[in-house]
Amino acid sequence: MANVELTNVRKVYGNSVEAVKGVNIAIEDGALCVLVGPSGCGKSTLLRMIAGLESITDGTVKIENAVVNNLGPAERDIAMVFQNYALYPHMKVYDNMAYGLRNRGMPKDQIDKRVREAAQTLELTHLLERRPKELSGGQRQRVAMGRAIVRNPKVFLFDEPLSNLDAKLRGQMRVEIKNLQRQLGVTSVYVTHDQLEAMTLADTLVVMNSGSVEQIGAPLDIYEKPASTFVASFIGAPPMNLVHVTADNTGLILKDGTHIGAEGLTVPTTGAVIGFRPEDLEVAAGHEKHIGGLQLDLKVLGVEPVGAESYVYGVVGGERVVVRVAGRSPSQTGDHLRVIIPKEKLHLFGADGKRIPPA
Amino acid sequence: MIQNNPIGRFIAHIILIIGIMIVAFPIYYTFVASTQSLQEIMRPPLSLLPGNHFWENYSAALFGGVGRIGGVGVDRLLFNTIVMALAIAVGKIAISILSAYAIVFFRFPGRMIFFWLIFITLMLPVEVRILPTYKVMVDLGLIDTYTGLTLPLMASATATLLFRQFFMTIPGELVEAARVDGAGPWRFFKDILLPLSKTNIAALFVILFIYGWTQYLWPLLMTNRNDMTTIVIGLRKMISFADADTEWHLVMVTCILAIVPPILVVMLMQRWFVRGLVETEK
Amino acid sequence: MASSTRVTFPNKLLPYLLLAPQLAITAIFFYWPASQAIYQSVLREDPFGLSTQFVGLDNFRRVISDPNYVNSLQVTVIFSVATALIAMALALLLAVMADKVIRGKGIYRTLLIWPYAVAPAIAGMLWLFLFNPSMGTLAYLVRSAGYNWDPLLNGDQAMVLVVSAAAWKQISYNFLFFVAGLQSIPKSLIEAAAIDGAGETKRFWTIIFPLLAPTTFFLLVVNTVYAFFDTFGIIHAVTGGGPGKATETLVYKVYNDGFVNLILGDSAAQSVILMIIVIGLTAIQFRYVERKVHYG
Ligand SMILES: Nc1ncnc2c1ncn2[C@@H]1O[C@H](COP(=O)(O)OP(=O)(O)OP(=O)(O)O)[C@@H](O)[C@H]1O
Ligand SMILES: [Mg+2]
């Protein structure tokens with residue numbers, strides 16, 4: 001089987017747009033690596049360079065320890081699932097799946113066996129004689145997957161394969177893709193801008209921002225220890241609250257000049273950003289002093305009950321924050337709410353946005 | 001749906017029927033004339049029902065070795081016309097599908113220049129360059145040849161533009177999927193692009209067949225010999241009102257023979273033709 | 001968005017090979033003769049064809065001031081406007097009627113598209129059979145009604161004959177486009193107008209006709225081009241530009257001066273003027289296409 005290794009991979013379009021700026025990623029054999037990031041950050045470009053659909057400006061791409069920079073897409077032994085599926089509209093499902101094998105000159109009976117096996121796995125057998133336009137969105141998605149798996153390639157590449165499905169179907173297919181990938185054990189690279197998809201699918205998560213890798217790691221590690229404010233605000237929903245602070249000898253000063261107690265937190269003189277997840281806050285019952293936590297006074301701007309929990313939107317020191325509380329919200333719009341951030345749940349970032357590990 | 005009144009609909013039918021009569025009458029009249037004897041034709045008014053000289057006239061025109069057009073039979077003229085219409089239709093489609101393929105699916109220096117060079121030919125119909133074109137044809141020895149009759153008409157900006165427009169609607173991902181599936185430019189063309197263009201090709205075929213069949217100025221210029229000309233030009237040569245010997249009944253037959261094949265093509269391929277025509281000209 | 005740039009194949013030589021046939025034909029049979037026409041339009045040959053001389057815009061000046069040329073310009077304008085108007089008006093009437101009927105739409109269409117397949121020259125001949133004074137049945141009827149009908153001698157009547165033939169041939173084409181145009185008008189608009197109390201005639205003039213404007217305009221350009229160029233066959237086969245010069249259109253005159261009268265410089269200058277007219281018409285057509293894109 002195959003590992004995939006990217007070393008200092010760069011992509012410059014024309015000679016001005018640097019879409020990918022020196023990326024290093026090592027993907028182990030059989031792992032599912034998810035590239036996530038905002039629109040335009042270079043995910044697709046990177047994936048297409050692995051596929052051989054886009055030339056590599058600089059650096060090397062290795063598949064199974066062999067440099068593939070100069071190989072065409074057909075020679076890299078990869079298969080790809082596209083966002084719009086890219087099924088051949090004039091071919092039946094069967095022929096769509098068989099086309100790549102035929103081009104490789106595989107004998108007919110073998111092709112037939114492979115196609116039928118793949119169809120079985122994906123429950124497509126009864127659809128083999130249909131054309132793409134006679135299929136539902138979810139079925140087309142499956143055919144696109146089928147076309148990838150019949151090839152039995154070294155690497156699967158997915159470019160936002162679920163973004164054209166409705167929310168419910170997307171959830172189902174996400175689980176199916178994960179299971180299928182486990183079952184087949186094929187190394188995969190999966191591009192998405194949906195952080196939920198990224199979190200649930202990834203063995204290795206790569207968070208990208210404007211052409212560079214911000215952080216690589218296991219999804220939960222990244223969730224728990226985001227390397228930068230960018231990652232912090234991108235992973236998790238609702239995103240982590242970020243509040244700018246500076247320090248003087250009396251404590252911390254928020255953006256609008258409000259003083260709060262430092263509670264033993266050391267903040268660089270250049271200022272810092274403190275981060276805390278909406279679900280990590282405790283609502284103080286009265287005005288009692290809580291030990292070992294930062295206390296913030298929140299002016300409530302609005303409340304969104306969603307059933308099992310409620311989101312309280314408010315401002316602290318001139319910056320917006322969200323608090324998640326279980327069940328019904330204790331406060332209403334216009335109220336003041338005191339919240340406590342337990343020290344161990346507090347994230348601290350420098351003025352440059354980089355994480356400052358706890359002392 | 002607004003239910004318009006039955007009287008309005010009735011009037012609509014009447015108007016349409018009158019319209020059809022206007023549109024069909026000249027053709028019907030010629031058909032009627034083609035079944036009359038020369039004497040009957042020369043003595044108007046003609047009866048509105050076909051006469052009883054159908055077999056006589058048609059076999060005379062087709063097999064009678066009619067000497068009216070400088071010793072050339074109608075079969076020869078029909079053959080020339082079919083060659084011309086088919087060659088132009090097929091050649092034009094082939095040539096323009098290839099150049100549209102190059103322009104849309106490849107990037108190469110000079111691409112836009114070539115595109116404009118093709119595009120500008122829209123503005124250079126034969127009519128605006130009659131004499132020099134004739135001279136080029138003479139210099140190349142192409143007068144009275146099938147090559148001369150067809151080849152110069154095979155370059156077409158319209159067909160190229162049509163294919164280009166259609167190709168641009170083909171999603172890029174489809175090309176990439178094909179490349180991942182191991183298809184090079186030729187395989188992609190043959191396995192994916194051609195099958196997807198089927199309807200466009202069919203529509204264009206009808207339009208271009210008619211275009212080739214109905215050419216007038218071009219064969220008029222390019223042919224001197226009667227046995228190399230088309231049936232339309234042949235007909236023109238047969239008609240002479242000054243000449244008392246004009247065998248009008250045979251002229252009528254020839255006329256019908258010149259009209260029927262393209263009408264059949266249009267009728268039989270109506271579905272593609274109508275859609276193609278309306279889409280082509282957008 | 002990445003998809004806005006076309007996905008392409010990396011081959012370098014292949015595209016040139018694919019373009020070669022079209023470019024070769026275009027260069028030899030389009031550009032070379034066209035440039036010759038321009039070149040000759042500023043030259044004058046001596047009567048013996050022994051020497052040629054650069055004369056600048058002299059040929060153009062002479063052509064434009066030639067009363068025969070002015071005449072043929074007038075003839076062309078009258079012929080084109082009349083042909084376009086008649087062909088479009090009849091086609092629109094038939095299309096609106098066909099849109100109204102419920103049964104037989106397909107049959108009507110089938111029976112109305114015949115003339116599209118008829119060569120213009122043959123269209124001319126068909127009408128000539130009907131209307132020529134010696135044997136035409138309709139000519140016979142007109143004459144027995146007491147009207148002095150002879151298109152071979154009377155210039156106006158000759159014009160009527162060629163216009164009829166040219167318009168007749170173009171009805172099918174216009175009909176198909178008007179039908180398509182009518183079909184693309186949302187039924188809900190017409191229903192809304194009906195609810196607003198507009199009667200059938202009013203609906204046509206206030207809703208349908210304005211919404212058909214793009215189609216109408218497009219057809220106007222196409223019909224003008226048709227009348228200018230494609231009708232050469234009709235003129236050549238039916239009247240030969242006569243009687244007198246009553247039906248001598250611009251294209252017919254280029255042909256006649258070049259081939260029959262062998263006045264090369266003048267014919268070339270006329271070709272160049274025609275080229276300018278075509279460029280103008282094409283430009284108008286493309287302005288229209290752009291506008292249509294904006295409307296969606
Ligand atoms: N062919 C191209 N030429 C020039 N610039 C390009 C080209 N393709 C992409 N880019 C630019 O490169 C950057 C990265 O594009 P890419 O398609 O990789 O983004 P992405 O992360 O996949 O975004 P999305 O989530 O919207 O798909 C963008 O700024 C884009 O504008
Ligand atoms: Mg993308």
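Residues numbered from 1 in each chain as written. Chains lettered and ligands numbered in written order. Predicted model: local features only at pLDDT ≥ 70, side-chain atom pairs only at ≥ 80, totals over all residues. Heavy atoms only, no water.

Let us look at the overall build of chain C. A count of helices and strands for chain C gives 13 helices and two strands. Since a compact globule built from 296 residues should have a radius of gyration of about 19 Å, the 24 Å found for chain C marks it as more spread out than a globular shape. Viewed in the frame of its principal axes, chain C has a C-alpha envelope of about 75 × 75 × 30 Å. Here chain C, with 296 residues, has 52% of them falling under the buried criterion. For chain C, the proportion of contacts with a sequence separation of at least 24, taken over those separated by at least 6, is 67%. Only carbon and sulfur atoms are counted for the fraction: they give 67% of the accessible area of chain C, which is about 13,400 Å². For chain C, the centre of its 19 positive side-chain charges and the centre of its 15 negative side-chain charges are spaced 12 Å apart. (Helix = DSSP H or I, 4+ residues; strand = E, 2+ residues; numbered from the N terminus. Rg over C-alpha atoms; globule rule 2.2 N^0.38 Å. Buried < 20%, exposed > 50% of the residue type's maximum accessible area, 1.4 Å probe, protein only. Contact = heavy atoms within 4.5 Å. Areas by Shrake-Rupley, 256 points an atom, 1.4 Å probe, with all protein chains shown as cover. Lys, Arg positive; Asp, Glu negative; His and termini not counted. Charge placed at Lys NZ, Arg CZ, Asp CG, Glu CD.)

A few words now on the UniProt feature "domain: ABC transporter" (unreviewed entry) in chain A. Listed under "domain: ABC transporter" (unreviewed entry) in the UniProt record, and renumbered for this structure, are residues 4–235 of chain A. Between the end C-alpha atoms of residues 4–235 of chain A the distance is 24 Å, and the span holds 37% helix and 26% strand. (UniProt positions renumbered as here; feature names shortened; annotations may be inferred.)

This part takes up unusual backbone geometry. Residues and elements named next belong to chain A. The omega angle of the peptide bond from Ala237 to Pro238 is -10°, so this bond is cis rather than trans. Along the chain, Pro238 turns up in the loop between helix H8 (229–234) and strand S11 (241–248). A positive phi is found at Glu123, a non-glycine position, where the angle reads about 55°. Looking at where Glu123 falls in the secondary structure, it is placed in the loop between helix H3 (108–121) and helix H4 (137–150). Not every positive phi belongs to a glycine, and Asn152 is a case in point at roughly 50°.

Counted by the stated rule, this structure contains 23 salt bridges over all chains. Its salt-bridge partner being Asp139 of chain B, residue Lys135 of chain B comes within 3.7 Å of it at the nearest N-O pair. With Lys135 of chain B and Asp139 of chain B both in helix H6 (residues 130–139) and four residues apart, the pair spans about one turn of that helix. Shared partners join several salt bridges into a network, and the residues in it are Arg10, Glu18 and Asp58 of chain A. (Salt bridge = Lys/Arg side-chain N within 4 Å of Asp/Glu carboxyl O.)

Once that is clear, we can look at the interface of chain A and chain B. Taken together, the contacts link 24 residues of chain A with 15 residues of chain B. For the pair chain A and chain B, the number of links is two salt bridges. Arg151 of chain A is paired through a salt bridge with Asp181 of chain B; the nearest N and O atoms lie 3.9 Å apart. The residue makeup of the side of chain A that touches chain B, split by class, is 14 nonpolar, six polar and four charged. (Nonpolar A, V, L, I, M, F, W, Y, C, P; charged D, E, K, R; others polar.)

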